[in-house]
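Spelled out, the chains give:
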Amino acid sequence: MAEHSNPELPPLPYDYTALEPHISGQVLTWHHDTHHQGYVNGLESAEEELAENRASGDFSTTGGALANVTHNGCGHYLHTLFWENMSPDGGGTPDGELAARIESDFGSYEGWEGEFQAAASAASGWALLVYDPVAKQLRNVKVDRHDQGALWGAHPVLALDVWEHSYYYDYGPDRGSFIDAFFEVIDWNNVAEQYTQVVSSYE
Ligand code: MN3
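Attention here is on the structure that accompanies the text. Within each chain, residue numbers correspond to sequence positions counted from 1 in written order. Totals for whole chains, interfaces and linings use every residue, but because this is a predicted model, local features are given only for residues with pLDDT of at least 70 and side-chain atom pairs only at 80 or more, for both listing and counting. Side-chain figures throughout are based on the complete set of non-hydrogen atoms in the structure, without hydrogens or water.

In this section: the overall build of the protein chain. Numbered from the N terminus, helices here are DSSP runs of H or I no shorter than four residues, and strands are runs of E no shorter than two. What the protein chain contains, in helices and strands, is 7 helices and 3 strands. When its helices and strands are written in sequence order, the protein chain yields α-α-α-α-β-β-β-α-α-α. Computation of the radius of gyration draws on C-alpha atoms alone. For the globule rule, the value is 2.2 Å times the number of residues to the power 0.38. Rg of the C-alpha trace for the protein chain: 18 Å, near the compact-globule value of 17 Å for 203 residues, within the 12% margin. If you line up the protein chain on its principal axes, its C-alpha atoms span 55 × 40 × 30 Å.

This paragraph deals with the coordination of the manganese ion. Only nitrogen, oxygen and sulfur atoms count as donors, using a 2.8 Å cut-off from the metal that widens to 3.2 Å for Na, K and Ca. Water is left out, so coordination shells may look unfilled. Summarising the metal site, the manganese ion is bound by the protein donors His-31 (NE2), His-79 (NE2), Asp-161 (OD) and His-165 (NE2), whose distances to it range over 1.9 to 2.2 Å. The sequence pattern describing where the donors of the manganese ion fall on their chain is H-x47-H-x81-D-x3-H. Per residue, the accessibility class of Asp-161 equals that of His-165, and both read buried. Relative accessibility under 20% of the residue-type maximum defines a buried residue, over 50% an exposed one, and the middle range a partly exposed one, all with a 1.4 Å probe and only protein chains included.

The buried count for strand S1 (residues 125–132) comes to 8 of 8 residues, which makes it a mostly enclosed element. DSSP bridges decide pairing: two strands pair if at least two such bridges lie between them. Direction of pairing for S1 relative to strand S2 (residues 137–144): antiparallel, over a ladder of 8 bridges. Bridging across to S2, Trp-126 finds its partner in Val-143. In sequence, S1 turns back onto S2 through a hairpin of 4 residues, with Lys-136 there showing a positive phi of about 55°. Bridge analysis of S1 against strand S3 (residues 155–161) gives 6 bridges, and the strand direction is antiparallel. Opposite Leu-128, over in S3, you have Ala-159 as the bridge partner.

By the element assignment, Asn-53 lies in helix H1 (residues 25–56). Contact between two residues is taken to exist if any of their heavy atoms lie within 4.5 Å; hydrogens are not considered. Among residues more than four places away in sequence, those in contact with Asn-53 are Asp-58, Phe-59, Thr-61 and Thr-62.

Every axis corresponds to a line fitted to the C-alpha atoms, with the helix fit spanning only the stretch in contact, and the corresponding angles, defined between N-to-C directions, vary from 0 to 180 degrees. Contact geometry for helix H3 (residues 96–106) and helix H4 (residues 109–122): axes closest at 7 Å, N-to-C directions at 75°. Our classification of the angle between H3 and H4 gives roughly perpendicular. In this structure, H3 uses Ile-102, Glu-103 and Phe-106 to contact H4, whose residues at the interface are Tyr-109, Gly-111, Trp-112 and Glu-115. Split into classes, the residues belonging to the contact of H3 with H4 amount to 4 nonpolar, 1 polar and 2 charged. In this scheme, roughly parallel covers angles under 35 degrees and roughly antiparallel covers those over 145, while 65 to 115 is roughly perpendicular and the rest are oblique. Note on residue categories: nonpolar means Ala, Val, Leu, Ile, Met, Phe, Trp, Tyr, Cys or Pro, charged means Asp, Glu, Lys or Arg, and polar means any other residue, Gly included.

Below, the structure written as structure tokens:
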């Protein structure tokens, strides 16, 4: 039987100030060390509660704990992807197989970009580029909180956090400028790696 591991906060893959001026060191520090850590802690304590309830046979708090696993687990996983998707050497546009797939699934890069930015403008949570293994295609998904609007079975390969804690300190209510700034730091090499890893297990 596979042994499951306790959730852990992964270190940022770059310095806290590495994405300036697009995302400030202050925001990355709060966002990673406080917010993301909070989801890791929340996931761990919800899992402990589930285990205690299974052991005692008292399931009276299990419904809430299950909701906490989903909320905090999605928060943990999406933040981990969000950090990996960015780099101080990012920006530009995708190339290679990922670029070809975006063109074939969305008509053009511009078609994908406009749709993703619309998802990011409208979401109360996240904009995601996902691979849908049922339809065998890339899709954009608009997510509220961390999990509302999720497409079951789909694998996120690019994640943009548009919770207010992600941009308000740097941009105030101007979410559009933050979305533009995110495009200056997208690490397309990482997105291509995420895509290749996922698609290779389905196609
Ligand atoms: Mn966040």
